[in-house]
Amino acid sequence: MKEQLNKILLIDDSEADNFVHKRVIKKCNVTKSIVAKLSGESALEYLTTLEEDQYPNPDLIFLDINMPGMNGWEFLEEYDKLDEEFKAGIVVTMLTTSSSPDDRARAQENGIIDHFENKPLTSEVLMKVLEKHFPERF
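Residues numbered from 1 in each chain as written. Predicted model: local features only at pLDDT ≥ 70, side-chain atom pairs only at ≥ 80, totals over all residues. Heavy atoms only, no water.

S.K.: I'd like a description of the overall build of the protein, backed by residues and values.
M.R.: Counting secondary structure elements, the protein contains 6 helices and 5 strands. Along the chain direction, N to C, the helices and strands of the protein fall in the order β-α-β-α-β-α-α-β-α-β-α. Radius of gyration (C-alpha) of the protein: 14 Å, near the 14 Å computed for a compact globule of 138 residues. Taking the principal axes of its C-alpha atoms as reference, the protein extends roughly 35 × 35 × 30 Å. Within the protein, the proportion of its 138 residues that are buried is 46%. Expressed as a percentage of contacts within the protein between residues at least 6 apart in sequence, the contacts between residues at least 24 apart total 68%. Surface summary for the protein: the accessible area is close to 7,300 Å², and the carbon and sulfur share equals 45%. Separation of charge centres in the protein, based on 16 positive and 27 negative side chains, amounts to 7 Å. (Helix = DSSP H or I, 4+ residues; strand = E, 2+ residues; numbered from the N terminus. Rg over C-alpha atoms; globule rule 2.2 N^0.38 Å. Buried < 20%, exposed > 50% of the residue type's maximum accessible area, 1.4 Å probe, protein only. Contact = heavy atoms within 4.5 Å. Areas by Shrake-Rupley, 256 points an atom, 1.4 Å probe, with all protein chains shown as cover. Lys, Arg positive; Asp, Glu negative; His and termini not counted. Charge placed at Lys NZ, Arg CZ, Asp CG, Glu CD.)

Here's what the structure looks like:
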């Protein structure tokens, strides 16, 4: 590994899943910061809020589909409407328990989603995503 990512954002309503996914990410030592948001709404607010005179701009987002309130698909609709300064260079991976072929097909057709993976996040899946999208770093 040459250089860590600055930030990974987890968007999942399950605190247990976020805990497990944070442990996997920390164990792989691939990012300086991990942020977890429990809803699509709070993730959108986070992405558009200044922190120390800059927007968060995570390098990578892991997004769940099935969440109360705003689900993953609805998050993507709103995310797509954001100005480019809020989403430039962000890789979005759908990380879900859904085994629905319809969800997988919908993800493949969606221009925002780069990967569709099943939970739980493993170090192998994490490294596969990183090696594909950040080959100069991993």
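S.K.: Give me unusual backbone geometry: which residues, what numbers.
M.R.: Each neighbour pair has its own omega, and for lysine 119 with proline 120 the value is -5°, a cis peptide bond. A positive phi is found at asparagine 29, a non-glycine position, where the angle reads about 55°.

S.K.: A description of the environment of aspartate 114 should follow, citing residues and the corresponding values.
M.R.: With respect to the helices, strands and loops of the structure, aspartate 114 is situated in strand β5 (residues 113–118). Separated by 21 residues in the primary sequence, aspartate 114 and threonine 93 have C-alpha atoms spaced 5.6 Å apart. Not counting residues up to four positions away in its chain, the partners in contact with aspartate 114 are Ile90, Val91, Val92 and His133.

S.K.: Can you explain the packing of aromatic side chains? Please cite residues and give values.
M.R.: The tally for this structure, following the rule as stated, stands at 2 aromatic pairs. Ring geometry for phenylalanine 75 against tyrosine 79: centres 5.6 Å apart, planes inclined by 25°, an arrangement best described as stacked. Taken together, the residues phenylalanine 75 and tyrosine 79, both in helix α3 (residues 72–81) and 4 residues apart, mark about one turn of the helix. On the basis of relative accessible area, phenylalanine 75 is assigned to the buried category, the value being 0%. Judged by its relative accessible area of 2%, tyrosine 79 falls in the buried class. Here the basic side chain of lysine 87 rests over the ring of tyrosine 79, its NZ or CZ set 5.7 Å away from the ring centre. (Phe/Tyr/Trp six-rings, centres within 6.5 Å; stacked < 30°, edge-to-face > 60°. Lys NZ or Arg CZ within 6 Å of the ring centre and 35° of its normal.)

S.K.: If you had to explain the pairing of strand β1 (residues 5–11) to someone new, which residues and values would you point to?
M.R.: In terms of residue burial, β1 counts as a mostly covered element, since 6 of its 7 residues are buried. Sheet analysis places β1 next to strand β2 (residues 31–37), joined by 6 bridges and oriented parallel. Each bridged residue has a counterpart across the sheet, and for leucine 10 the counterpart in β2 is alanine 36. Read from β1 through helix α1 (residues 15–28) to β2, the crossover connection turns out right-handed. (Pairing = 2+ DSSP bridges. Right-handed = clockwise from strand over helix to strand, strands pointing away.)

S.K.: For the sheet that holds β2, give the residues involved together with the corresponding values.
M.R.: Overall, parallel pairing links the 5 strands, which are arranged β2-β1-β3-β4-β5 in an open sheet. Taken across any chain shown, the strands that pair with only one partner, and hence form the sheet edges, are β2 and β5. Between one strand and the next, the sheet's axes are offset by a mean angle of 20°, whatever the strand orientation. Note that strand β4 (residues 91–96) and β5 share 5 bridges and pair parallel. (Axes fitted to C-alpha atoms, helices over the stretch in contact; angles between N-to-C directions.)

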